[in-house]
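Residues per chain, in single letters:
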Amino acid sequence: GLVRYLFSLFFALAVLVTAGCGFHLQGKTQVPAELKTLYLSSGDPYGPLSRVMRQQLRLSGVQLVETPKADIPVLKIVGSSENKETVSVYQDGKSAERQLTFVLDAQVIMPDGTIYPISSQVSRPFFDNPLEALAKDAENDIIKQEMREQATAILVRKLLVVHNAERQKASEAAKAKQIISPAK
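Because the structure is a prediction, the values reported are computed rather than measured. (Residues numbered from 1 in each chain as written. Predicted model: local features only at pLDDT ≥ 70, side-chain atom pairs only at ≥ 80, totals over all residues. Heavy atoms only, no water.)

K.L.:
Could you give me a rundown of the overall build of the protein, with the residues and numbers involved?
P.N.:
Helix and strand counts for the protein stand at four helices and five strands. Along the protein, helices and strands appear, N-terminal first, in the series α-β-α-β-β-β-β-α-α. In the protein, buried positions account for 34% of the 184 residues. When the accessible surface of the protein is totalled, it reaches about 11300 Å², and 59% of it is carbon and sulfur. (Helix = DSSP H or I, 4+ residues; strand = E, 2+ residues; numbered from the N terminus. Buried < 20%, exposed > 50% of the residue type's maximum accessible area, 1.4 Å probe, protein only. Areas by Shrake-Rupley, 256 points an atom, 1.4 Å probe, with all protein chains shown as cover.)

K.L.:
Residue-level account of the confidence of the model for the protein, with values.
P.N.:
Averaged over all residues, the pLDDT of the protein equals 82, while 79% of them reach at least 70. Confidence over residues 18-27 falls short of pLDDT 50; this stretch has eleven contacts with residues more than four positions distant or in other chains. (pLDDT = per-residue confidence, 0-100. Contact = heavy atoms within 4.5 Å.)

K.L.:
Any details on the pattern of salt bridges? Residues and values, ideally.
P.N.:
When charged atoms on two side chains of opposite charge get close, those side chains can pair. The final tally for this structure, using the stated rule, is four salt bridges. Its salt-bridge partner being Lys169, residue Asp112 comes within 2.6 Å of it at the nearest N-O pair. With Asp112 in the loop between β4 (95-109) and β5 (115-127) and Lys169 in helix α4 (residues 159-180), this pair connects stretches of sequence that are 57 residues apart. On the basis of relative accessibility, which here comes to 52%, the residue Asp112 falls in the exposed class. Overall, the relative accessible area of 29% leaves Lys169 in the partly exposed class. Residue Glu166 pairs with Lys169 through a salt bridge whose shortest N-O separation is 3.0 Å. You can see Glu166 and its partner Lys169 sitting in helix α4, three residues apart, about one turn around the helix. By relative accessible area, which is 16% here, Glu166 ends up buried. Ionic contacts of the salt-bridge type, sharing partners, join the residues Asp112, Glu166 and Lys169 into one network. (Salt bridge = Lys/Arg side-chain N within 4 Å of Asp/Glu carboxyl O.)

K.L.:
How would you sum up the nonpolar core? Please name residues and give values.
P.N.:
Ranked by size, the top nonpolar core spans 28 residues in total, and within it Leu57, Leu75, Val108 and Leu159 carry the most contacts. Contributions of two or more residues to this core are made by β1 (37-42), α2 (48-59), β3 (74-89), β4, β5, α3 (133-157) and α4. When residues no more than four places from it in sequence are discounted, the contact partners of Leu159 are Val31, Pro32, Leu35, Leu38, Leu57, Val108 and Ile118. (Core = buried A, V, L, I, M, F, W, Y, C linked by side-chain atoms within 4.5 Å.)

K.L.:
Can you explain empty space enclosed by the protein? Please cite residues and give values.
P.N.:
Counted under the stated rule, the structure contains one cavity of 30 Å³ or more. Taken as a whole, the largest cavity spans an internal volume of roughly 40 Å³. In terms of lining, the largest cavity is formed by Glu82, Leu100, Thr101, Phe102, Lys144, Met147 and Arg148. Going through the elements one at a time, β4 and α3 are the ones with two or more residues in the lining of the largest cavity. Split into classes, the residues belonging to the lining of the largest cavity amount to three nonpolar, one polar and three charged. (1 Å grid on protein atoms, 1.4 Å probe; cavity = no way out; pocket = protein on both sides within 12 Å on 5 of 7 lines; lining within 4 Å. Points joined across faces, edges and corners; volume = space filled by probe spheres on them. Nonpolar A, V, L, I, M, F, W, Y, C, P; charged D, E, K, R; others polar.)

K.L.:
I'd like a description of the environment of Leu49, backed by residues and values.
P.N.:
Tracing the backbone through its elements, the reader meets Leu49 in helix α2. When its relative accessible area of 13% is taken as the criterion, Leu49 is described as buried. For the pair formed by Leu49 and Leu104, sequence separation is 55 residues and the distance between their alpha carbons is 9.4 Å. Those residues within four positions of Leu49 in sequence are excluded, and the remaining contacts are Ile77, Ser80, Phe102, Leu104, Arg148 and Thr152.

Put into structure tokens, the structure is as follows:
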């Protein structure tokens, strides 16, 4: 009956929470040196997304400064969106399984003004049971939180892409200088 259902729900939540912890441990990314100190800019600095982003950056050894400075890169959270798509339907026409997709858009603004747009996307299935609306809300919150954690972890990993682009830019600039200097 209800007790068994609540117990199994509790167990499922416990599994989800510990699965989330496991994700933290393996989510450590080696952040490149020029991005080890960042200013995090967000329209909602104290919202759940900014909190998770800060947490992921700190886990990866990034030092966050409280105020923007001219010589420090900015990680700007541009926006995020959630999308629910029905994957399968019950016989009565109500949606049974949905696909939740969370998209996170950001940009890294380097001290010289170069902007690198980076984004991440996380999708996962979600089962709708209209009879368990309350439990669904709690589960929904956990799923959303996990998706935020995954999306921000992917974003942190994408800082390496920025690093490679910066190196590419530096070597292009060096080549350009070599072309120019022999003319003297």
